[in-house]
Amino acid sequence: MIELAPSILSADFARLGADVQAVVEGGASVLHVDVMDGHFVPNITIGPPVVASLRKVSKVPLDCHLMIERPDEFIPAFAEAGAAWISVHQEACIHLDRTLHLIAAHGCKPGVVINPATPVHTLDEVLPLVHHVLVMSVNPGFGGQTFIHSSLKKIALLSNIRESRGLGFRIEVDGGIHHQTVADVVRAGAEILVAGSDIFEHGDPRENARRLLKSALDAAKQPVQDLPSTLRGNATGNAGNLPSLP
């Protein structure tokens, strides 16, 4: 199932409740909350109080993406504030298995994130534990960046691994998602689409969300033969030119 997860990082915080309501009316079924600490990434954003406020104005799942050092120390607070999904970076977690179990123990769906330079196979041991894998298609820290096209192969590889191992995790992508990139992302295998500036920074967020979701759903219906040749094998259960599991 294709889902749109608008990133509130790009919303107008002076009217955050109204913006959230607008994108949900436009078809968003998840809200993506980018949490940055100024250490793991070069930016500072929001914490549990904003999550608690969002929980009051929207019933859709809050997808809290922790771009922070020492995430174990903050997971309980985000869970208590109302996070439904919590994802942590592979690069930030010394004991990733333990951290994912901690998220689940607090009643949230655990997710793991990989940066553009992190290989997919660093996740081999934890894929059975996670609800979703988030592929960063930009370097984390700021909105409005250009999509890194090598991310498509990582998405396709994850889709192939999921099928070959019979796993149930979902594939999320974050960074540079707009009308020019969303079709390739969906055809590569992504199901949860994080978009910020394309939805919030111009025009009506409700209509922007509706149009982007429609583009994604249309791409999901595209026949296999119309896929880019490097990804076509993935759609038929074979990774094509991508590396396979041992």
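The structure we're discussing is the one just above.
In short, a report on the structure. Small disclaimer: the values here were computed from a predicted structure and weren't measured. (Residues numbered from 1 in each chain as written. Predicted model: local features only at pLDDT ≥ 70, side-chain atom pairs only at ≥ 80, totals over all residues. Heavy atoms only, no water.)

## So, unusual backbone geometry
What counts here: Put simply, DSSP marks the helices as runs of H or I at least four residues long and the strands as runs of E at least two long, and each gets a number from the N terminus on.
Look at R70: it is not a glycine, yet its phi comes out positive at around 50°. Relative to the helices and strands, R70 is located in the loop between β3 (62-67) and α3 (75-81).

## Points about the pairing of strand β1 (residues 3-6)
Note the following rule: The rule is simple: take the accessible area with a 1.4 Å probe, protein chains only, and divide by the maximum for that residue type; under 20% is buried, over 50% is exposed, in between is partly exposed. When DSSP finds two or more bridges between a pair of strands, those strands are recorded as paired.
Along β1, one buried face is formed by E3 and A5 and the opposite face, lined by L4 and P6, is buried too. Sheet topology note: the β1/strand β8 (residues 192-195) ladder contains 4 bridges and is parallel. Across the sheet, the residue bridging to E3 is I192, located in β8.

## Overview of the sheet that holds strand β5 (residues 109-114)
The following threshold applies: As a rule, the C-alpha atoms of each element are fitted with a line to give its axis, helices using only the stretch in contact, and angles between N-to-C directions run from 0 to 180 degrees. The contact criterion used throughout is that any non-hydrogen atoms of two residues lie within 4.5 Å.
With respect to topology, 8 strands assemble into an open sheet ordered β1-β8-β7-β6-β5-β4-β3-β2, the strand pairing being parallel. Strands with a single pairing partner mark the edges of an open sheet, and in this sheet they are β1 and β2 (31-36). On average, each strand axis in the sheet is tilted by 25° relative to the strand beside it, whichever way the strands run. The pairing of β2 with β3 spans 6 bridges and is parallel. Each residue of the ladder has a partner; that of D34, found in β3, is H65. Relative to β5, helix α4 (residues 96-105) is tilted by about 145°, and along the sheet it contacts β4 (85-89) and β5.

## Some remarks on the side chain of R162
Convention followed: N or O atoms closer than or at 3.5 Å make up a polar contact, with two conditions inside protein: a donor-capable atom paired with an acceptor-capable one, and, for residues adjacent in sequence, both atoms drawn from side chains.
Structurally, the position occupied by R162 is in helix α5 (residues 151-165). Only 2.9 Å separates the side chain of R162 from the side chain of E191, close enough to count as a polar contact. With residues up to four places along the chain from it excluded, the contact list for R162 reads L167, G168, F169, R170, I171, G189 and E191.

## Re the nonpolar core
The cut-off we apply is this: Here, nonpolar core means buried Ala, Val, Leu, Ile, Met, Phe, Trp, Tyr and Cys residues that are tied together by side-chain atoms lying within 4.5 Å of each other.
Residues L66, I86, V185 and L193 are the most contacted members of the largest nonpolar core, which totals 64 residues. If you look at the next biggest cluster of nonpolar residues, it comprises 5 residues, including A5, V30, I192 and V194.

## Some remarks on the packing of aromatic side chains
In plain terms, the rule: Stacked, tilted and edge-to-face are the three classes applied to pairs of Phe, Tyr and Trp rings, where Trp contributes its six-membered ring and a pair requires centres within 6.5 Å; stacked means planes under 30 degrees apart, edge-to-face means over 60, and tilted covers the rest. Two conditions define a charge sitting above a ring: the NZ of Lys or the CZ of Arg must be within 6 Å of the ring centre, and it must be within 35 degrees of the ring normal.
Inspection of the entire model under this criterion finds 0 aromatic pairs. The cationic tip of R162 hangs over the ring face of F169; the distance from NZ or CZ to the ring centre is 5.7 Å.

## As for the pattern of salt bridges
Our working definition: Definition used for salt bridges: Asp or Glu carboxyl oxygen within 4 Å of a side-chain nitrogen of Lys or Arg.
Inspection of every chain in the model, using the stated rule, returns 9 salt bridges. Between E25 and R206 there is a salt bridge, with its nearest N and O atoms 2.7 Å apart. Here E25, found in helix α1 (residues 16-25), pairs with R206, found in helix α8 (residues 205-220); they are 181 residues apart in sequence, far enough to count as distant. Judged by relative accessible area, which is 41%, E25 ranks as partly exposed. Among the residues examined, R206 registers a relative accessible area of 27% and is labelled partly exposed.

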